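A look at the structure
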Amino acid sequence: MAEEKTVLPFEVDKRGNVQLRSSRTLFIRFTIPVHRVMKFWEGIREGKLLTTRCKKCHKIYFPPKVDCPDCMISGMEWIELSGDAELESFTQVFVKPASFGSYPDYICAIGRLEEGPRVLAWVSGIAREELRVGMKLKLRPRVIPEEKRLTYEFVPAER
Amino acid sequence: MKRQGMSNVAIVGIGHAKFGVRTDVTVSELAWEAIRLALEDARLKPKEIDFCVVGSGFSSLSYEEMLPAVAVTEYANMVPTGHVRCESACATGSAAVHIGYMRIASGLSDTVLVVGVEKMTEVDTPTMVELIARAGSYLWEYENFGLTFPGYYALLATHHMAKFGTTAEDLARVAVKNHHYGRINENAYLRNEITIEDVLASRPIAWPNKFLDCCPINDGSAALILASEERAKEIARNTKKPLIWIKGLGAAGDTAYIGARRDLFSIRSTEIASQKAYKMAGISPGDLDVVTVHDCFTIGEILAYEDLGFCRKGEGARVIREKQTYHDGRIPTNVDGGLKAKGHPIGATGCSMVYEIAKQLRQEVEKERQVRIRKGWGMAHNVGGTGHSCYVTILGRE
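The sections below set out a description of the structure shown in this document. (Residues numbered from 1 in each chain as written. Chains lettered and ligands numbered in written order. Predicted model: local features only at pLDDT ≥ 70, side-chain atom pairs only at ≥ 80, totals over all residues. Heavy atoms only, no water.)

1. Re the overall build of chain B
To keep it simple, the criterion reads: Helix and strand definitions here come from DSSP, where helices need a minimum of 4 consecutive H or I residues and strands a minimum of 2 consecutive E residues; each element is numbered from the N-terminal end. The reference for a compact globule is 2.2 Å times residues^0.38; the radius of gyration itself is calculated from the C-alpha atoms. Relative accessibility under 20% of the residue-type maximum defines a buried residue, over 50% an exposed one, and the middle range a partly exposed one, all with a 1.4 Å probe and only protein chains included. In this description, contact between two residues means that some pair of their heavy atoms is separated by no more than 4.5 Å. When charges are counted, Lys and Arg are positive and Asp and Glu negative, with His and the chain ends excluded. To locate a charge, take NZ of a lysine, CZ of an arginine, CG of an aspartate or CD of a glutamate.
In terms of regular secondary structure, chain B is built from 14 helices and 11 strands. Against the 2.2 N^0.38 benchmark of 21 Å for 398 residues, chain B shows a C-alpha radius of gyration of 19 Å, consistent with a compact globule. Looking at chain B residue by residue over its 398 residues, the buried ones come to 67%. Taking as baseline every contact in chain B between residues at least 6 positions apart, the subset at least 24 positions apart corresponds to 76%. Computed over 46 positive and 47 negative side-chain charges, the inter-centroid distance for chain B is 6 Å.

2. A few points about the environment of A:Glu115
All names here are of chain A. What counts is decided by this rule: Polar contacts, as used here, are pairs of N or O atoms within 3.5 Å; protein pairs need one atom able to donate a hydrogen and one able to accept it. Residues neighboring in sequence count only if both atoms are side-chain atoms.
The residue Glu115 is located in the loop between strand E7 (107-113) and strand E8 (118-123) in this model. Given the relative accessible area of 26%, Glu115 is considered partly exposed. Along the chain, Glu115 and Val18 lie 97 residues apart, while their C-alpha atoms are 58 Å from each other. Apart from the residues within four sequence positions on either side, Glu115 is in contact with Ile60, Glu80, Leu81 and Ser82. At a separation of 2.7 Å, a polar atom in the side chain of Glu115 contacts the main-chain amide nitrogen of Ser82.

3. Things to note about the interface of chain B and chain A
Heads up, the condition is: Here the quantity called buried area is the total loss of accessible area, with a 1.4 Å probe, experienced by two parts when brought into contact, counted for both. Any residue that is not Ala, Val, Leu, Ile, Met, Phe, Trp, Tyr, Cys, Pro, Asp, Glu, Lys or Arg is counted as polar, Gly included; the first ten are nonpolar and the last four charged.
Listed by partner, the interface residues are 41 residues for chain B and 42 residues for chain A. Between chain B and chain A, the buried area comes to about 3,400 Å², and carbon and sulfur atoms account for 64% of it. Per-residue buried area on chain B facing chain A is highest for B:Trp140, B:Phe145 and B:Trp207; these three make up 24% of the total on that side. The element that contributes the greatest number of residues to the side of chain B that touches chain A is helix H6 (residues 149-164) of chain B, accounting for six residues. Tallied by class, the residues present in the side of chain B that touches chain A amount to 22 nonpolar, 10 polar and nine charged.

4. A short note on the pattern of salt bridges
Heads up, the condition is: Salt bridges, as used here, are contacts in which a Lys or Arg side-chain nitrogen is within 4 Å of a carboxyl oxygen on Asp or Glu.
If you walk through the whole model with that rule in mind, you get 39 salt bridges over all chains. In this structure, the salt-bridge partner of A:Glu86 is A:Lys136, at a minimum N-O distance of 3.3 Å. Of this pair, A:Glu86 sits in strand E6 (residues 84-93) while A:Lys136 sits in strand E9 (residues 136-144), and the two are 50 residues apart along the sequence. Taking the shortest distance from any N to any O, the salt bridge between B:Glu322 and B:Arg318 comes out at 3.5 Å. On the basis of relative accessibility, which here comes to 42%, the residue B:Arg318 falls in the partly exposed class.

5. Details of the sheet that holds strand E3 (residues 50-54) of chain A
All names here are of chain A. The line we're drawing: Two strands form a pair only when DSSP identifies at least two bridges running between them.
Pairing is antiparallel across the open sheet formed by three strands, whose spatial order is E4-E3-E5. The open sheet has two edge strands, strand E4 (60-61) and strand E5 (76-80), and neither has a second partner. As defined by bridge partners, E3 adjoins E5 across five bridges and the pair is classed as antiparallel. Across the sheet, the residue bridging to Cys54 is Met76, located in E5.

6. Brief notes about the pairing of strand E8 (residues 244-253) of chain B
Residues and elements named next belong to chain B. With seven of 10 residues buried, E8 lies mostly within the body of the structure. Direction of pairing for strand E1 (residues 9-16) relative to E8: antiparallel, over a ladder of two bridges. Note that in E8 the partner of Ile11 across the bridge is Ile244. Pairing of E8 with strand E11 (residues 389-397) involves nine bridges; the strand directions are antiparallel. The residue of E11 that forms the bridge with Trp245 is Gly396.

7. Regarding the packing of aromatic side chains
To keep it simple, the criterion reads: The rule is short: rings of Phe, Tyr and Trp, with Trp giving its six-membered ring, pair when the centres are within 6.5 Å, and they are stacked under 30 degrees, edge-to-face over 60, tilted in between. Definition used: whenever NZ (Lys) or CZ (Arg) falls within 6 Å of the ring centre and also within 35 degrees of the ring normal, the charge is taken to sit over that ring.
Throughout the structure, instances matching the rule amount to 24 aromatic pairs over all chains. Judged by centre distance (5.6 Å) and plane angle (20 degrees), the ring pair of A:Trp41 and B:Trp140 falls under stacked. With A:Trp41 in helix H1 (residues 38-45) and B:Trp140 in helix H5 (residues 138-142), this pair bridges two chains. Per residue, the accessibility class of A:Trp41 equals that of B:Trp140, and both read buried. The ring centre of A:Trp122 lies 5.0 Å from the NZ or CZ of A:Arg149, which sits over that ring. Positioned above the aromatic ring of B:Phe51, the side-chain terminus of B:Arg103 is 3.8 Å from the ring centre.

Here it is as structure tokens:
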């Protein structure tokens, strides 16, 4: 009877070290509650930028949140932001995370809104080489139906 | 300042595994390499440790063990010693040291093992990039914008460059220095000299951060044994090694969302944590003989010079241009290669920094990078995330 050759689950890497590739894989996808700040996303769908402001101390929060720990109250009011912003910093991401692998080399920027808070978002409509710290940008809502994605982005301010 | 009713805490044993792509070992085997050296240094057996703190940032995500403190203490034959795994992003190892300090200062323990360990090469690089990138505000930074860690530090670099005139060459000078010392540190991962031109010509990772501005993804571990004053003196009689004392500690935090920071040209948690540590030790930056700072990206080291008070805001670039932080300079910094060349296995880094300071103060490092010990003070500065947390630890020689 011919001896059956056992297939071993090991492989030798380029350093000569023997490795086991785990049979048990892990795929993680989170279900994240956005229930309490849903007005923000409804605003994006309607072409508006909203955030929360504390009714008592008038602090404007971005990202929006429903509790003001300074005042210990939860009844925040929703306000509309102008979107007028000044560019404080930017980068272009060349080495991307696994789940962003299909996107072109995107530009991330931080802009300070006229109302005070800073926002991080992608920049479109301008090359990285043309960006200058201090220039005026406009933050605008964006809906990308093909990706089922609601987002917001900076674009150059109209001159 | 000696707190009433609290024990002084000494470092009585130190151990360091070789950093690098360590596909030859599991997380427990890797931790044991450093633990064994620390135990041998202190002439102790595993059972003589009465508590173990394991610093590890990515358990069950970048390597297979969910509860590394359990796996590591079992491998080290330390059962039934109590243990905890702690995490504070890239400052995990220093947070572990601070917990070890508190176990002893409070009187709960006499002899504590603190080990920082990380395996980052058991998953592919894009997955590791993904895991690290999620260390900001997930919903408001990552979900839509995929900002990576080199990207976060790039945002700080771009702003610093625009505000103060710091240049890409200045950033490169940090990498050149740290590779120079990595070459002569036997535990470092990257042991090659590089030039400013090499850095500038390397491929962009997250503009303006280029490949050689970034610390590598790698594996490693480092271990420290801490003891109460009474126990430390017993151990030292046996080992004949100088005792190194933990004299100052400071910790601070900042927002997850980078947009909510005070400014984008400094790391506020570094300022606050270091001021607390200086005050507790009763020293100022000019008293330090040697320092390790958090250079995960080259801009990180320039920010550290400023935020730790080595120079004024905006003058960090001048410090490196004038080579003030070389081993024979005014304030020797990262003369072990730093995160940049030695490597940055997340949980191990803080322990590795404290290891280096203790070893420098003992005057036991490679001769070419040994600093001159004048006042006997050294400091380890460890940032978690982009300043999300900061731990500063000041050591003094007896």
